[in-house]
Every structure is written in structure tokens, then in C-alpha cells.
Amino acid sequence: MARRLRVEYEGALYHVMSRGNYRAPIFEEESAKAAFLTCLFEACARSGWILSAFVIMRNHYHLAIKTPHANLSTGMQWLQSTFAVRYNRFRRESGHVFQGRFKAL
């Protein structure tokens with residue numbers, strides 16, 4: 001069964017979260033947190049998002065994002081894939097960094 005389409009609206013406020021693959025720690029090192037923040041701020045600039053709040057935990061993150069344009073999925077795809085590529089390149093690893101699809105309420 002296919003997953004349900006994500007409904008996106010202009011001007012919507014989303015609580016977005018995603019965790020590490022197999023619940024593995026991603027952000028134990030300060031450099032990983034800094035790299036994620038760099039990607040997050042780049043994604044906000046590219047997508048026109050307004051970042052209201054965020055928290056980065058050991059193995060997951062939460063974001064409060066307002067989307068002036070209906071582009072949450074596009075921006076999140078860029079954010080998570082770009083961070084995963086950079087994260088894996090730095091650690092000389094490959095594969096998924098985040099577990100499944102991000103959640104957005």
C-alpha cells in the first residue's frame with residue numbers, strides 16, 4: 001500500500017522531526033550539530049522558510065517551520081539528503097543517515 005500524500009499549504013506552520021537510522025546517534029559531536037545547522041540555515045534560505053524554533057537531540061531533531069510557499073517536502077528532501085552526503089563523506093561511510101520519512105505535524 002502506498003503512503004499517503006503529504007498535504008502542504010502556503011503559510012503553514014509545521015512541527016518537523018526525524019531520527020537517526022536504527023535510532024543511532026547522529027549529533028553526539030559538536031561538529032555534526034554545527035554541520036546540520038549549516039544545512040538547516042541553507043535550506044531555510046533556499047526554500048524561504050521561517051525557522052521559529054529547533055532542538056537537536058542526540059539521535060533526532062525537531063523543527064518549527066513556517067512555509068510561505070507550499071514547499072516543505074522539497075526543502076526537507078534537500079536538507080536531509082545534503083546533510084547525509086556531507087555526514088557520510090566526512091566519516092567515509094555510506095548509506096542512510098535518517099530513518100524513513102520525516103514526520104511533519
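Everything quoted here is computed from the prediction, not taken from an experiment. (Residues numbered from 1 in each chain as written. Predicted model: local features only at pLDDT ≥ 70, side-chain atom pairs only at ≥ 80, totals over all residues. Heavy atoms only, no water.)

### Brief notes about the environment of Ala-12
Relative to the elements of secondary structure, Ala-12 occurs in strand β1 (residues 12–19). Between the C-alpha atom of Ala-12 and that of Ala-70, which follows or precedes it by 58 residues, the distance is 7.9 Å. Dropping the residues within four chain positions of it, Ala-12 is found in contact with Ile-65, Lys-66 and Thr-67. (Helix = DSSP H or I, 4+ residues; strand = E, 2+ residues; numbered from the N terminus. Contact = heavy atoms within 4.5 Å.)

### Details of the side chain of Gln-80
Within the fold, Gln-80 resides in helix α2 (residues 72–91). A distance of 3.0 Å separates the side chain of Gln-80 from the side chain of Ser-18, its partner in a polar contact. Engagement of the side chain of Gln-80 in a polar contact is seen with the side chain of Tyr-61, the distance being 2.6 Å. (Polar contact = N/O pair within 3.5 Å; in protein donor to acceptor, adjacent residues only side chain to side chain.)

### Quick notes on the packing of aromatic side chains
Under the criterion given, the structure shown has 8 aromatic pairs. Taken together, a centroid distance of 5.3 Å and an interplanar angle of 90° make the contact between Phe-36 and Phe-83 edge-to-face. You can see Phe-36 sitting in helix α1 (residues 30–47) and its partner Phe-83 sitting in helix α2, a full 47 residues away along the chain. When its relative accessible area of 2% is taken as the criterion, Phe-83 is described as buried. Aromatic rings pair up to connect Phe-27, Phe-36, Tyr-61, Phe-83, Tyr-87 and Phe-98 into one cluster. A cation over a ring is seen here: Arg-6 above Phe-102, with NZ or CZ 3.9 Å from the ring centre. Lying across the ring of Tyr-87, Arg-91 places its NZ or CZ 3.9 Å from the centre. (Phe/Tyr/Trp six-rings, centres within 6.5 Å; stacked < 30°, edge-to-face > 60°. Buried < 20%, exposed > 50% of the residue type's maximum accessible area, 1.4 Å probe, protein only. Lys NZ or Arg CZ within 6 Å of the ring centre and 35° of its normal.)

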